[in-house]
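Take a look at the letters that make up each chain.
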Amino acid sequence: MDELLVLQETSDPATAKLSEQEGETHLTVEYHIVYSPGYQVPVLYFNGYDAGKKKRTPLSLKEGTALSLDELYQWIISKEMQQSLQHGNRLSQQGSISQEDHPILGFPFYYIHPCETQSMMRLISHDINIHSYIKSWLSLIGPTIGCTLSHQLFLSSPTNK
Amino acid sequence: MATSSILQFTPFASSVDAAFWQELANKKLNVLKLSEASQPVYAYYATGHSQQTHPPFPDTANTTSSTTTPTTTTIMPTRICVPAQGLDTNDDTRPPFTFRVNGTLLNTNTLEDFKKLDKNQLFQQHTVKIWEAIQNEDALDHPNILSDFLLLTFADLKKYKFYYWFAFPALMPQEPWLQIKPMDSIGNVFSSMEMTALANAYQAADRPPSFLLRRKKPNTVLFGQLRDWDEFFTNEQDEFWVGFADPSHSETNPGWPLRNLLALLHEKHGIRKLNIMCYREMPGKVNLIDASKLLVAELPPTCHYSKPPKSVGWERNAQAKLAPRMADLGPLMDPIRLADTAVDLNLKLMRWRVMPDLDLDKVKHTKCLLLGAGTLGCYVARCLLGWGVRHITFVDNGRVSFSNPVRQPLYTFQDCIQGGKPKAEAAAQSLLEIQPTVNAKGYDISIPMPGHVALSSDEQLLKDIEQLTALIQSHDVIYLLTDSRESRWFPTLLATLSNKLVINAALGFDTYLVMRHGARHGSLGCYFCNDIVAPADSLTDRTLDQQCTVTRPGLAAIAGALGVELMVSVLQHADGMEAAASDSDCVLGRVPHQVRGFLGQFHNMLIVGQSYANCTGCSEKVIEAYQQDPLQFIKKILHDPEHLEQVSGIAQMKAESEALLDQDWEEDDF
């Protein structure tokens, strides 16, 4: 982006500087829960985006760039899941990661394949009811791709919906 | 006396949903087309919270519980998000407990137009808009006008890159607002009962972006809207606050929306000093407002806002420069990148599910040279693509003929007309149509063959030699897939010289041979090691059916596929080319030397052939003779293949054997 595009603006002492630490990169990850009519279970879709790098490299302009599968593995997908996949754990309950068009947005998203979901949920079927199904499902499947839930969700309290 | 400092506000950091760019792209293609008219757009933000963050899961395998993970306090940027439906301003789909802000989007048709936009003027226009809303009281009825923003974009629909620049105009007084002392936590001034009452009142009032708060005596708080100023206002300290939904996470600074709110309060009510409540809710727990902050803001005496006032608010990019940002959505929108990712994912799935130790990268980066783009060449190429190989080169001097497409799956009828396209090129083109990211090329070269005198000049012959040599040197695996014995001789020599892996496939009517050549100086042999006759002209004076080497159609598919699978197994073996044939296994299984198949019996045999010191194709003697003078040596061999027998030592061996037979054997010798 050449210098023609850089603006001059009135100097303003009232704008706080963002004190971001060196070597920090911000990533944005979005998660969607979509029902799969074929497998009759919820499916977790996700995509990651880079918020831009501090260093002045040709790539540093890319802000909001979609993360590649390798980058997702590096930053988002938990090491435990990678290990379990590496050792050929066929009972990997979380299922494998694939990519397809989001059923509603029509835009490519990575997702955790739902083929193992039913057997995974059966393991705890005695402990859950229809109202806590999504919470329990997400707590099992979410952490593998960085989507953690607060344990507060599971404590019974009057303010919990 | 506490010292005042300049009140600093945390700017917004934009975060645009990738799906929004998709929507903008669609709208531009289908609705806007070349129009550069501005579009309404909306965004949202949530209140901030200072929260200690740590990675969602421990990095090292040793840490077991999150409480022992070292926590780092990272102040997250103050996000303002544009959702997927941001262009549809009648829609208001956004997460609960967020605040909506409206804006204007201006999309240009070219990057040049984007550069040429008079940004200062646009910014100024927007500033005036906000200023007027303050003057005519629009801002009191619709307080989110104070945060109205500007968004300039250029959508490059060929490269799927979106250039964008946000502006959040903030009105500036002639001298900046000061803060009397550092921000205080709400809990130091309000009791938890008061906070609960406030939170409930806030909810009940439908969560306005700004509000008034009055505390008459301990534990009684009165909540009011901005327009009820006259009833609420009082100068008594610890009695009156103006609150606003504060998106900032900072411990020390309030968020951007406060700037224009202060301008409003000064203009409408002459305020110069004020208690401010930076209202911050815990996400998901809206009745917990412990993270809220309090501050006292003061404008220097005799200081005013000019009419109209100066303003700032262009968003800085990741290098903190006043320049636009760019979102590259190629990986998600470019169909070619999507195809690439899908193929990769597919192969990875195979590895993860079935064979974790498979080295797919090794296969992917193997460069394959296919000598021959006929039945074998086409099937080999297809299988290589399936394994993710991305670099495939064809060599063939023929043209596609009408009988080819049914047996050679890379060609279509269109390739045959008008004399037929050159095969090597057509095959490469076909691969690109299957997988656009493959590196596929085709070369029309005639391979010098023993017994076939070169019809071309010395110059051309030398050129062919050099070209073939260069191709063999620049690839990792050489496939011999031509339709005669003699055409495989010279490539065998060259490949042995460069010690490249050779996969050789040959077809009979209903039999096939698929083999790998042994390494140079290795114990396994090549295609010619078992011969005691030099390869010679086998093609001239053949009948038509002999020339076409008619084979059972399924054979090429079988042999071609076997050739590729054999290569992959060799690549997976720790010893690679040097892998012994009989009992050494790789992760995929055996790595044989030769597979001979008999389709009539649906049967195949695994055979091991030793390398032969007098081989016409791969022996050191032949290689040395070639290296001494490549052009002359080849010329001689083309003309007189028997010379090869001399050079390799076969002639001598034959003479010795005959001499043995001629000897008279006395009966007593036994």
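Residues numbered from 1 in each chain as written. Chains lettered and ligands numbered in written order. Predicted model: local features only at pLDDT ≥ 70, side-chain atom pairs only at ≥ 80, totals over all residues. Heavy atoms only, no water.

1. Remarks on the pairing of strand S1 (residues 27–36) of chain A
Residues and elements named next belong to chain A.
- Direction of pairing for S1 relative to strand S2 (residues 41–50): antiparallel, over a ladder of 10 bridges. Bridged to Ser36 within S2 is Val41.
- Between S1 and S2, which pair antiparallel one after the other, the connecting turn spans four residues, and Gln40 there sits at a positive phi close to 60 degrees. (Pairing = 2+ DSSP bridges. Helix = DSSP H or I, 4+ residues; strand = E, 2+ residues; numbered from the N terminus.)

2. A closer look at the nonpolar core
All names here are of chain B.
- With 91 residues, the main nonpolar core has Trp21, Phe190, Val242, Leu261, Leu262, Ile276 and Met277 as its most contacted residues.
- At seven residues, strand S7 (residues 161–172) tops the list of elements feeding residues into this core.
- Among the domains, domain 1 (5–52 + 72–174 + 316–332) and domain 2 (178–307) are the pair contributing at least three residues each to this core.
- In contact with Leu262, not counting residues within four places along its chain, are Leu7, Phe9, Trp177, Ile276, Ala297 and Tyr305. (Core = buried A, V, L, I, M, F, W, Y, C linked by side-chain atoms within 4.5 Å. Buried < 20%, exposed > 50% of the residue type's maximum accessible area, 1.4 Å probe, protein only. Domains from an automatic or database assignment. Contact = heavy atoms within 4.5 Å.)

3. Quick notes on the sheet that holds strand S19 (residues 439–443) of chain B
Residue and element names in this part refer to chain B.
- Here we have eight strands laid out as an open sheet, ordered S19-S18-S17-S20-S21-S22-S25-S26, and mixed in their pairing. Here the strands that pair on one side only, and so sit at the sheet edges, are S19 and strand S26 (603–607). Averaged over all pairs of adjacent strands, the angle between strand axes in this sheet comes to 15 degrees, irrespective of strand direction.
- Two elements, strand S22 (residues 511–516) and strand S25 (residues 594–598), share five bridges in a ladder whose sense is antiparallel. Paired with Thr511 across the strands is Phe598, a residue of S25.
- In this fold helix H16 (residues 553–572) packs onto strand S17 (367–371), strand S20 (477–480), strand S21 (501–507), S22 and S25, with an angle of close to 15 degrees to the strand it touches most, S22. (Axes fitted to C-alpha atoms, helices over the stretch in contact; angles between N-to-C directions.)

4. A short note on helix H13 (residues 458–473) of chain B
Residues and elements named next belong to chain B.
- Over its 16 residues, H13 extends 22 Å from the first C-alpha to the last, a length consistent with the 22 Å expected when each residue adds 1.5 Å.
- Residues Leu461, Asp464, Ile465, Leu468, Thr469, Leu471 and Ile472 constitute the buried set of H13. Viewed end-on, H13 has its buried residues packed into an arc of 165 degrees, placing them on one side of the element. (Expected span 1.5 Å × (residues − 1). Arc of directions from axis to C-beta.)

5. Quick look at the domain arrangement of chain B
Residue and element names in this part refer to chain B.
- What the domain assignment lists for chain B is domain 1 (5–52 + 72–174 + 316–332), domain 2 (178–307) and domain 3 (340–656).
- Measuring from the centre of the C-alpha atoms in domain 1 to the corresponding centre in domain 2 gives 26 Å.
- Facing 40 residues of domain 1, the contacting portion of domain 2 comprises 47 residues.
- Together, the buried faces of domain 1 and domain 2 total about 4000 Å²; carbon and sulfur atoms form 64% of this surface.
- By the criterion of area lost to domain 2, the three top residues of domain 1 are Leu7, Phe9 and Leu140, representing 16% of everything that side buries. (Buried area = accessible area lost by both parts, 1.4 Å probe.)

6. Some remarks on the pairing of strand S5 (residues 99–108) of chain B
All names here are of chain B.
- In terms of burial, S5 is largely enclosed, as nine of its 10 residues are buried.
- Judged from the seven bridges that link them, strand S3 (residues 39–45) and S5 form a sheet pairing that is antiparallel. Bridging across to S5, Val41 finds its partner in Gly103.
- Bridging between S5 and strand S6 (residues 149–156) involves six bridges; their strand directions are parallel. Each bridged residue has a counterpart across the sheet, and for Thr108 the counterpart in S6 is Phe154.

7. Focus: the environment of Gln610 of chain B
Residues and elements named next belong to chain B.
- Structurally, Gln610 is set in the loop between S26 and helix H17 (620–628).
- In this structure the C-alpha to C-alpha distance between Gln610 and Leu524, which are 86 residues apart in sequence, comes to 4.6 Å.
- Contact partners of Gln610, with chain neighbours within four places excluded, come to Ser523, Leu524, Gly525 and Cys529.

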